[in-house]
Amino acid sequence: MPRILYAIQGTGNGHLTRALDVVPLLQARCSQLDILVSGPPADLTLPFDVRYRAQGMGFAFGKKGGIDFVKTFWQFNSAKFLREVRHLAVESYDLVVSDFEPVSSWACKLREVPCVALSHQSAVLHANAPRPDEEDPAGRAVLKHYAPSTAQYGFHFQAYAPGIFTPVIRQQVRELSPTNEGHYTVYLPAFEEAILVERLQHLSRSVQWEVFSKHSKDAATYGNVRVWPVNGPAFLASMARAAGVLCGAGFETPAEALHLGKKLLVMPMKQQYEQQCNAAALAKMGVPVIKNLKDKNLDKVDQWLNQDDTVRVDYQDQTAAIIDQLLREQLQRKRVENAL
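Residues numbered from 1 in each chain as written. Predicted model: local features only at pLDDT ≥ 70, side-chain atom pairs only at ≥ 80, totals over all residues. Heavy atoms only, no water.

Participant: Describe the packing of helix H1 (residues 14–27) against helix H13 (residues 319–339), and please don't skip the residues or the numbers.
Facilitator: Closest axis-to-axis distance for the H1/H13 pair is 10 Å, and the angle between their directions is 50°. Accordingly, the angle class assigned to the pair H1 and H13 is oblique. Seen from above, H1 lies across H13 with right-handed handedness. Seen from H1, the contacting residues are Val 22, Leu 25 and Leu 26; seen from H13, they are Thr 319, Ala 320 and Ile 323. Considering only residue class, the contact of H1 with H13 consists of five nonpolar, one polar and no charged. (Axes fitted to C-alpha atoms, helices over the stretch in contact; angles between N-to-C directions. Helix = DSSP H or I, 4+ residues; strand = E, 2+ residues; numbered from the N terminus. Parallel < 35°, antiparallel > 145°, perpendicular 65-115°, else oblique. Left-handed = near helix turned anticlockwise from the far one by under 90°. Contact = heavy atoms within 4.5 Å. Nonpolar A, V, L, I, M, F, W, Y, C, P; charged D, E, K, R; others polar.)

Participant: Report on a positive patch on the surface, specifying residues and quantitative values.
Facilitator: A cluster of basic side chains, namely Lys 270, Lys 291, Lys 294 and Lys 296, defines a positive patch on the protein surface. Examined against the element boundaries, Lys 291 turns out to sit in the loop between helix H11 (273–285) and helix H12 (298–306). Given a relative accessible area of 67%, Lys 291 falls into the exposed group. (Patch = residues over 30% accessible without salt bridge, like charges linked within 9 Å, V, L, I, M, F, W, Y side chains within 5 Å. Areas by Shrake-Rupley, 256 points an atom, 1.4 Å probe, with all protein chains shown as cover. Salt bridge = Lys/Arg side-chain N within 4 Å of Asp/Glu carboxyl O. Lys, Arg positive; Asp, Glu negative; His and termini not counted. Charge placed at Lys NZ, Arg CZ, Asp CG, Glu CD. Buried < 20%, exposed > 50% of the residue type's maximum accessible area, 1.4 Å probe, protein only.)

Participant: With reference to specific residues and values, describe the sheet that holds strand E10 (residues 220–222).
Facilitator: Strand order across the open sheet formed by six strands is E10-E11-E9-E8-E12-E13, with mixed pairing between neighbours. Looking at the sheet topology across the chains shown, the edges are occupied by E10 and strand E13 (263–267). Ignoring which end each strand starts from, the neighbouring axes of this sheet average 20° apart. The pairing of strand E8 (residues 184–187) with strand E9 (residues 209–213) spans three bridges and is parallel. Bridge assignment links Tyr 184 to a residue of E9, and that residue is Trp 209. (Pairing = 2+ DSSP bridges.)

Participant: So, the pairing of strand E6 (residues 151–155): which residues are in play, and what are the values?
Facilitator: Buried residues dominate E6, accounting for four of its five residues. Where strand E5 (residues 116–119) and E6 come together, four bridges link them in parallel fashion. Paired with Val 116 across the bridge in E6 is Ala 151. Two elements, E6 and strand E7 (residues 164–165), share two bridges in a ladder whose sense is parallel. By the bridge assignment for E7, Phe 155 is matched with Phe 165.

Written as structure tokens, this is what we have:
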């Protein structure tokens, strides 16, 4: 059985939530599984032993709807990143699998070791995946070179091509029994609490908003807006009981909301090419998209609040089959190369 390094991008929670299902499947199929997590501390803690913790190249969320590039620059230590790349012994593994994790990917590139991408980003880069109307060459270049790979297995909202699969819906979500208690769950991590409260109350003072904020330390209530610090179980419980979900155009949260049959409204983060691509894909499926929370979008939000249409999806649990395919193909490729 192979020795595998599974490397996970820790910025945000999406990669880590996918790992909750992927890690046990890999553990059952190898003699040794070592886990690497890079990036700043996330809100979700993995219930597995993590052998390597790395700085990596994380992004810092802003407070007005985008990435804080100044904070991102100052928290990045290029010398430390290069040391992490040089010291990671990727050649000692039979297989390196990366979920958009840069230290392992660049360590493999430096040593000419194959690196297998198992990520949403590799699907976003595929020629068949939807694109925004306004292209962003710089953003696409960052996405392409951030975590280079030699083989790709991607996840997207739809299976746009061979090698692209529908989302991994973690078992915690599959086991939920969704209801509709009338409130709306909000997760917009690039906004600070005060801005969200003001804008949501401006959008509607009759709707009950349940907000989960990365910038809040304590729970608070402001009229019809309740705010909590990000908490995984509480967020899932709120989403399962919600009438709808307002969130960024990331991948995991919209996918989980669609799986639960919730009506969905997304707002892509500013200056974030991946989210712009996700928004384009969701729009093609019939999910409404807004650019920001300004007054000019009030009509679109009102329309969303007052309609009951949802986008139907059928996200089958195929994670085990994907892992089996990846291991079969990549280990066979390695055996052939070793035989030459």
